[in-house]
Amino acid sequence: MIQTNPMNNPQILEIIENLKGRRAYEERRASKLGFSSLYAYIEDKILKKKVFEESKVIQNKIEKDNPEKIKKKNSCSCC
């Protein structure tokens, strides 16, 4: 099994390079949240974003498949 350098994702490296003035803030934030490096923190953020987007797509698909279950609420409580 070939072991690769954990810091080889060009997308994450590009994000870190483009942080500019926010880099110090993001490093403090990563440290505060318990990440060993800024790279690990950014990697985790990207992973969470992908999971959120996938769950949102699944939710939209479910809503499109079952439109009768989603009822529009009326503005008054008497109806």
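Note that the structure is predicted; figures quoted are calculated from it, not measured.

For this particular structure, what's the right way to read unusual backbone geometry?
Leaving glycine out, the prevailing phi sign among residues is negative, and the prevailing peptide bond configuration is trans. One non-glycine residue, Lys-20, lies in the positive phi region at around 50°. Summarising the element assignment, Lys-20 is placed in the loop between α1 (10-17) and α2 (23-32). Residue classification places Lys-20 among the exposed positions, given a relative accessible area of 70%.

What is the right way to read the packing of α1 against helix α3 (residues 38-65) from this model?
Think of two packed helices as two axes; the pair is described by the angle between the axes and how far apart they sit. At their nearest, the axes of α1 and α3 sit 10 Å apart, and the two run at 110° to each other. One element, α1, and the other, α3, form an angle in the roughly perpendicular class. The way α1 lies across α3 gives a crossing that is right-handed. Of α3, the residues touching α1 (which contributes Gln-11, Ile-12, Leu-13, Ile-15 and Ile-16) are Leu-38, Tyr-39, Ile-42, Glu-43 and Ile-46. The residue inventory of the contact of α1 with α3, partitioned by class, reads 8 nonpolar, 1 polar and 1 charged.

Please explain the packing of aromatic side chains as it appears in this structure.
The geometry of an aromatic ring pair is captured by two quantities: the separation of the ring centres and the angle between the planes. All told, the structure shown has 1 aromatic pair when counted by the stated rule. On the numbers, 5.5 Å between centres and 65° between planes, the contact of Phe-35 with Tyr-41 is edge-to-face.

Mind showing me how you'd approach the confidence of the model for the protein here?
One rule of thumb: low pLDDT means the predicted coordinates there are not for detailed reading. Overall, the prediction assigns the protein a mean pLDDT of 83, with 78% of residues at 70 or greater. Within the protein, the element-level pLDDT minimum falls on α3, averaging 88, and the maximum on α2, averaging 96.

In this structure, what is going on with the side chain of Glu-26? I would like to understand it.
Inspection of the secondary structure puts Glu-26 in helix α2. Given the relative accessible area of 5%, Glu-26 is considered buried. For Glu-26, the side chain forms a polar contact with the side chain of Tyr-41, separated by 3.5 Å. Glu-26 has contacts with Leu-19, Leu-38, Tyr-41 and Lys-45, leaving out every residue within four places of it along the chain.

Whenever I open this one, the nonpolar core confuses me. Can you help?
Across soluble globular proteins, nonpolar side chains show a tendency to be buried alongside one another. Residues Ile-12, Ile-16, Leu-19, Ala-30, Leu-38, Tyr-39, Tyr-41, Ile-42 and Ile-46 constitute the largest nonpolar core, which totals 9 residues. Where this core is concerned, the elements lending two or more residues are α1 and α3. The greatest single-element share of this core, amounting to 5 residues, is contributed by α3. Beyond its immediate stretch of four places on either side in the chain, Leu-38 contacts Ile-16, Leu-19, Arg-23, Glu-26, Glu-27 and Ala-30.

Quick notes on the rules
- Residues numbered from 1 in each chain as written.
- Predicted model: local features only at pLDDT ≥ 70, side-chain atom pairs only at ≥ 80, totals over all residues.
- Heavy atoms only, no water.
- Helix = DSSP H or I, 4+ residues; strand = E, 2+ residues; numbered from the N terminus.
- Buried < 20%, exposed > 50% of the residue type's maximum accessible area, 1.4 Å probe, protein only.
- Axes fitted to C-alpha atoms, helices over the stretch in contact; angles between N-to-C directions.
- Parallel < 35°, antiparallel > 145°, perpendicular 65-115°, else oblique.
- Left-handed = near helix turned anticlockwise from the far one by under 90°.
- Contact = heavy atoms within 4.5 Å.
- Nonpolar A, V, L, I, M, F, W, Y, C, P; charged D, E, K, R; others polar.
- Phe/Tyr/Trp six-rings, centres within 6.5 Å; stacked < 30°, edge-to-face > 60°.
- pLDDT = per-residue confidence, 0-100.
- Polar contact = N/O pair within 3.5 Å; in protein donor to acceptor, adjacent residues only side chain to side chain.
- Core = buried A, V, L, I, M, F, W, Y, C linked by side-chain atoms within 4.5 Å.

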